Amino acid sequence: MNRRALLILSALAALSLAPPAAAQDKSIVLASTTSTEQSGLFKHILPPFEQKTGIKVRVLALGTGQALDTGRRGDADVVFVHDRDAELKFVADGFGVERREVMYNDFVIVGPGADPAKVKGSKDTVDALKKIAAAKAPFASRGDKSGTHAAELRFWKAADIDVAAGKGSWYRETGSGMGPTLNTAAGMNAYSLTDRGTWLSFKNRQTLVIAVEGDRKLFNQYGVMLVNPARHAHVKKELGMAFVGWITSPEGQAAIAGYKIGGEQLFFPNYKKITH
Amino acid sequence: MPERDALSTAVALIAGADPALWSIVGLSLAVSLSAVVFASLIGLPIGAALALFRFPGRGALVTLFNGMMGLPPVVVGLVVYLLLSRAGPLGDLGILFTPGAMVIAQTLLIFPIIAALARQTIEDAWHEYEEQIRSLGATPRRSIPTLLWDTRFSLATAVLAGLGRASAEVGAVMIVGGNIEGLTRVMTTSIALETSKGDLPLALGLGIVLIALIVLINALAHAMKAVAQARYG
Amino acid sequence: MSAMHGHASPLPLVLSDVWFATGPARARVTILHGISLALEAGPRTVILGPNGAGKSVLLRLCHGLLRPSAGTIAWRGRRNARRPDAMVFQRPVMLRRSVRGNVEYGLKLAGIGRAERRRIAGERLEAVGLAHLAGRAARRLSGGEQQRVALARAWALDPEVLFLDEPTANLDPTATRMVEAIVLAMHKAGTKIVMTTHDLGQAHRLADEILFMHRGRIVERAPAAEFFAAPKSPEAAAFIRGELPV
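Residues numbered from 1 in each chain as written. Chains lettered and ligands numbered in written order. Predicted model: local features only at pLDDT ≥ 70, side-chain atom pairs only at ≥ 80, totals over all residues.

Caption draft 1: Layout of the overall build of chain A. Across its full length, chain A holds 11 helices and 12 strands. If one aligns the C-alpha atoms of chain A with their principal axes, the spans along those axes are about 70 × 60 × 40 Å. The 276 residues of chain A split such that 46% are buried. A fraction of 76% describes how many contacts in chain A between residues 6 or more apart in sequence connect residues 24 or more apart. (Helix = DSSP H or I, 4+ residues; strand = E, 2+ residues; numbered from the N terminus. Buried ≥ 20, exposed ≤ 12 C-beta atoms within 10 Å, placed from the backbone. Contact = placed C-beta atoms within 7 Å.)

Caption draft 2: Structural detail: the overall build of chain C. Tallying secondary structure elements over chain C gives 8 helices and 9 strands in all. Scaling as 2.2 N^0.38, a compact globule of 246 residues should have a C-alpha radius of gyration of about 18 Å, and chain C matches this with 18 Å. Over its C-alpha atoms, taken along the principal directions, chain C stretches across nearly 55 × 40 × 35 Å. Across the 246 residues that make up chain C, the buried fraction comes to 44%. (Rg over C-alpha atoms; globule rule 2.2 N^0.38 Å.)

Caption draft 3: Main features of the pairing of strand β3 (residues 78-81) of chain A. Residue and element names in this part refer to chain A. Here β3 shows no split at all, with V78 and F80 on one side and V79 and V81 on the other all buried. As paired strands, strand β1 (residues 27-33) and β3 are joined by 3 bridges and run parallel to one another. Each residue of the ladder has a partner; that of L30, found in β3, is V78. Strand direction decides the pairing type here: β3 and strand β9 (residues 219-227), joined by 4 bridges, are antiparallel. Along β9, the bridge assignment pairs V79 with M225. (Pairing = 2+ DSSP bridges.)

Caption draft 4: Local environment of helix α4 (residues 143-156) of chain C. Residue and element names in this part refer to chain C. Look at α4: 20 Å from first C-alpha to last across 14 residues, which is about the 20 Å you get at 1.5 Å a residue. When you tally the buried positions in α4, you get 12 out of 14 residues, the bulk of the element. Among all positions in α4, only E145, Q146, Q147, R148, V149, A150, L151, A152, R153, A154, W155 and A156 are buried. The inward-facing, buried residues of α4 contact β5 (85-88), α2 (99-109), α3 (114-127), β6 (161-165) and α5 (173-188). Once α4 finishes, D158 follows within two positions and takes phi at roughly 55 degrees, a positive value. (Expected span 1.5 Å × (residues − 1).)

Caption draft 5: Molecular detail of the interface of chain C and chain B. Taken together, the contact pairs 18 residues of chain C with 15 residues of chain B. Of all the elements in the fold, those that place two or more residues in the side of chain C that touches chain B are β5 and α2 of chain C. Here the element with the most residues in the side of chain C that touches chain B is α2 of chain C; it accounts for 3 residues. Residues of the side of chain C that touches chain B, tallied by class, amount to 10 nonpolar, 2 polar and 6 charged. (Nonpolar A, V, L, I, M, F, W, Y, C, P; charged D, E, K, R; others polar.)

Caption draft 6: Quick look at the packing of helix α6 (residues 125-134) of chain A against helix α7 (residues 147-158) of chain A. Residues and elements named next belong to chain A. Direction vectors running N to C along α6 and α7 enclose 80 degrees, while the axes themselves pass 9 Å from each other. On the basis of their axis angle, the class for α6 and α7 is roughly perpendicular. Taken together, the residues of α7 that come into contact with α6 (itself represented by T125, V126 and L129) are F155, W156 and A158. Within the contact of α6 with α7, the residues separate by chemical class into 5 nonpolar, 1 polar and no charged. (Axes fitted to C-alpha atoms, helices over the stretch in contact; angles between N-to-C directions. Parallel < 35°, antiparallel > 145°, perpendicular 65-115°, else oblique.)

Caption draft 7: Geometry of the sheet that holds strand β3 (residues 45-48) of chain C. Residues and elements named next belong to chain C. Taken in spatial order, the 6 strands line up as β5-β6-β7-β3-β8-β9 in an open sheet, and their pairing is mixed. Edge strands, defined here as strands with exactly one partner in the open sheet, are β5 and β9 (217-223). On average, each strand axis in the sheet is inclined to that of its neighbour by 15 degrees, with strand direction left out of account. In this structure, β3 lies alongside strand β7 (residues 192-197), joined through 4 bridges in parallel fashion. If you follow L48 over to β7, its bridge partner there is T197.

Caption draft 8: Summary view of the domain arrangement of chain A. Residues and elements named next belong to chain A. Parsing chain A into structural domains produces domain 1 (26-105 + 221-269) and domain 2 (106-218). Contacts between the two partners involve 17 residues from domain 1 and, on the opposite side, 16 residues from domain 2. For the side of domain 1 that touches domain 2, the elements supplying multiple residues, two or more each, are α2 (34-38) and α4 (64-73). The element that contributes the greatest number of residues to the side of domain 1 that touches domain 2 is α2, accounting for 3 residues. (Domains from an automatic or database assignment.)

Caption draft 9: Highlighting the interface of chain A and chain B. Tallying the contact residues gives 28 residues for chain A and 26 residues for chain B. Every element with two or more residues in the side of chain A that touches chain B is listed here: α1 (2-17), β2 (56-62) and α8 (178-188) of chain A. The element best represented in the side of chain A that touches chain B is α1 of chain A, accounting for 5 residues. Here the side of chain A that touches chain B is built from residues that sort into 13 nonpolar, 11 polar and 4 charged.

Caption draft 10: Inspection of the nonpolar core at higher detail. Residues V78 of chain A together with A105, I114 and V176 of chain B are the most contacted members of the largest nonpolar core, which totals 171 residues. The greatest single-element share of this core, amounting to 19 residues, is contributed by helix α5 (residues 99-135) of chain B. If we skip the residues at most four places from it in the chain, A105 of chain B touches V76, G77, V80, A172, V173 and V176 of chain B. Ranked by size, the runner-up nonpolar core spans 29 residues in total, among them F107, V110, I132 and A211 of chain A. (Core = buried A, V, L, I, M, F, W, Y, C linked by C-beta atoms within 7 Å.)

Caption draft 11: Examining α7 of chain A more closely. Taking 1.5 Å as the rise per residue, α7 of chain A with 12 residues should run 16 Å; its terminal C-alpha atoms sit 17 Å apart, in good agreement. Three or more residues of α7 of chain A are buried, namely G147, T148, H149, A151, E152 and W156 of chain A.

Caption draft 12: Highlighting the environment of A238 of chain C. By secondary structure assignment, the location of A238 of chain C is in helix α8 (residues 234-241). Non-local contacts of A238 of chain C, meaning those with residues more than four positions away in its chain, are made with E243 and L244 of chain C.

Caption draft 13: Examining the packing of helix α2 (residues 19-52) of chain B against helix α6 (residues 140-150) of chain B more closely. Residue and element names in this part refer to chain B. Closest axis-to-axis distance for the α2/α6 pair is 10 Å, and the angle between their directions is 125 degrees. One way to sum up the angle between α2 and α6 is to call them oblique. Crossing angle aside, the handedness with which α2 passes α6 is right-handed. Taken together, the residues of α6 that come into contact with α2 (itself represented by L44, P45, A48 and L52) are P140, S143, I144, L147 and L148. (Left-handed = near helix turned anticlockwise from the far one by under 90°.)

Caption draft 14: Local environment of the arrangement of the chains. Ranked by contact count, the leading pair among the 2 pairs of chains in contact consists of chains A and B. Taking C-alpha atoms only, the smallest gap left between chain A and chain C, which are not in contact, amounts to 13 Å.

Caption draft 15: Spatial organisation of the pairing of strand β2 (residues 29-39) of chain C. Residue and element names in this part refer to chain C. Bridging between strand β1 (residues 13-22) and β2 involves 7 bridges; their strand directions are antiparallel. Its bridge partner lying in β2, V14 is registered against A38. The turn linking β1 back onto β2 is made up of 6 residues, and G23 within it adopts a positive phi angle of 100 degrees.

Caption draft 16: Examining unusual backbone geometry more closely. The omega angle of the peptide bond from L11 of chain C to P12 of chain C is 10 degrees, so this bond is cis rather than trans. Summarising the element assignment, P12 of chain C is placed in the segment before β1. Despite not being glycine, F97 of chain B has its phi angle at roughly 60 degrees, a positive value. Examined against the element boundaries, F97 of chain B turns out to sit in the loop between α4 (73-84) and α5. Of note in this structure, R215 of chain C is not a glycine but carries a positive phi near 50 degrees. Within the secondary structure layout, R215 of chain C lies in the loop between β8 (209-214) and β9.

Caption draft 17: Highlighting the sheet that holds β2 of chain C. All names here are of chain C. On the basis of which strands lie adjacent, the open sheet formed by 3 strands has the order β2-β1-β4 and antiparallel pairing. Strands at the two margins of the open sheet, each flanked by one partner only, are β2 and β4 (70-74). Each strand axis lies, on average, 20 degrees off the axis of its neighbour in the sheet, ignoring direction.

Structure follows, in structure tokens:
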């Protein structure tokens, strides 16, 4: 009696969890970043896309490094990140095609209300970082190969500061996403570089406030790419291109602009039909 | 204070019958229960075989399974990910980032627990039963189903231990599932996500729901055991 | 019901110079010293002797649960792949299922179909007086009831020989009498009985012949009446008087 019941149970379990037959479910896997997903953008722009095309978008939220790696392995159909240099290399190495610039958002530097480095209100990122290093004020970095982390390192370089010297004392690498890093910064009264989107949705601010914003250098460009079907034959080329096309269409660009948190727009569409 | 809000959040979550929450709970149960079923189908016979047969290398295998009870979930997740990735040997199956991959990872994670605990239970039972059932005509191989059935209450505890481990882990399902909303998001990965977003009351609330669920399942299993034990001694 | 033994009997069971030793190589303990005997069909054989004489080991060797360290044990012939002998132990091991389930277990192992199993188990339970407990959990029965279930379970296999190892050592007098009655009934139905005991009264009641063992040897073998009236060996005489040092 029991053996039969067990067999039926396991057959049911196997069936219910069996992967849908290859081409029959209309969906794509989109590898993007945790900060993008946590900003809530996808919740806003994907429903109109799915309504229009019937294509379900499965969002994988990872760090930029991991998102690109997922694309390299062929485990995603489309990659949507914000690290221009890494994206161009991705295409140059033959892993991606049809790269298009989609939108930008901006970074801000947040810091403790007490502002030990005296940078609050500044519009000069590089100068602010110099002051933070000079004051040896605690700084929480993501340290996780993400687009945000890469941008942060570029700013330190521009400020001519070697953060390796500060590691372990005032410069703290959390090795994690934006949210956990902000949690750490709030807990340690540290400065941190974050995208505005994550900051606006972040609920555990404690004494943290925006210290530096508005610097053009803080603008963060997003690019979308189709994973190269020549490299990975199973990539859903048509469905993926439907997404790439839509997000750079007037309709998609308007959806991006329409996303607001507390009345504030986070992402600024800037697709221009450029021939590379 | 996140702790104070957490309890009211938990109650609100459950009372509100939020469909998103219930689909996450449903998926968590489906994945972990399926994993337990498969892990039992694999682990119980292996445990029985280890208990009943003597062969070269048996001691090493027993030690190995005992050690594998402590497999780090995130390592299992990484290994399964590398196997199921398109770039990996089983990539053509195309099951990475689906619930199926999560079931596979959890099954691999918990079958050593079930096998090791079953081995101990059955070895002890064999000690008591061996003469009698050999006398009645059972070979060691034929004894396996008999012993599995006779020790079913102790084995149920082993299975529940496996279920507990599966429901509680986040490392494996996060890596092979990808925490995709609406597809592979389960309770533990949701809690990790909400924590990383800084929404601690929600994270704690989900945690309370998860613990309540596990306690409920265990209570049910205990009640069933008590009834059956009263019947069969 | 008579056993349908319309074929060559597997008896006698012949032991030739059987030795049995246990323990690690450096500290071997010899339990049986060169036993030679033939167990014939017919009489109820009771193996008598003090604790440590080797009675239980001898029984287990005969039943195939142990292998002799030296010597041979051979049945004259076998009916089929199944063993012709069954055994009842001092402590009955009940499976965690119903009384009926326990009695049917050996039949299930032998591949007997469900309806046939039911029928045979029902008859045997009736014969041992436990039909009313057929659906009860076997582990919840008293010691005496469990031993009767064990007998029914062995009887269900229609054995040519029934070995019993001190089957009533742990039972009260009432249960003991019930067990003895069943043993007698099985013998009447055609099963050869080979039983060990250290209880003289039981030996008196049940034995047709006595095999007296002491320190791993068969010291005396005689029809029961002869043995008790005039034991030939000093050890046997001392044992009957209750004075035998182990």
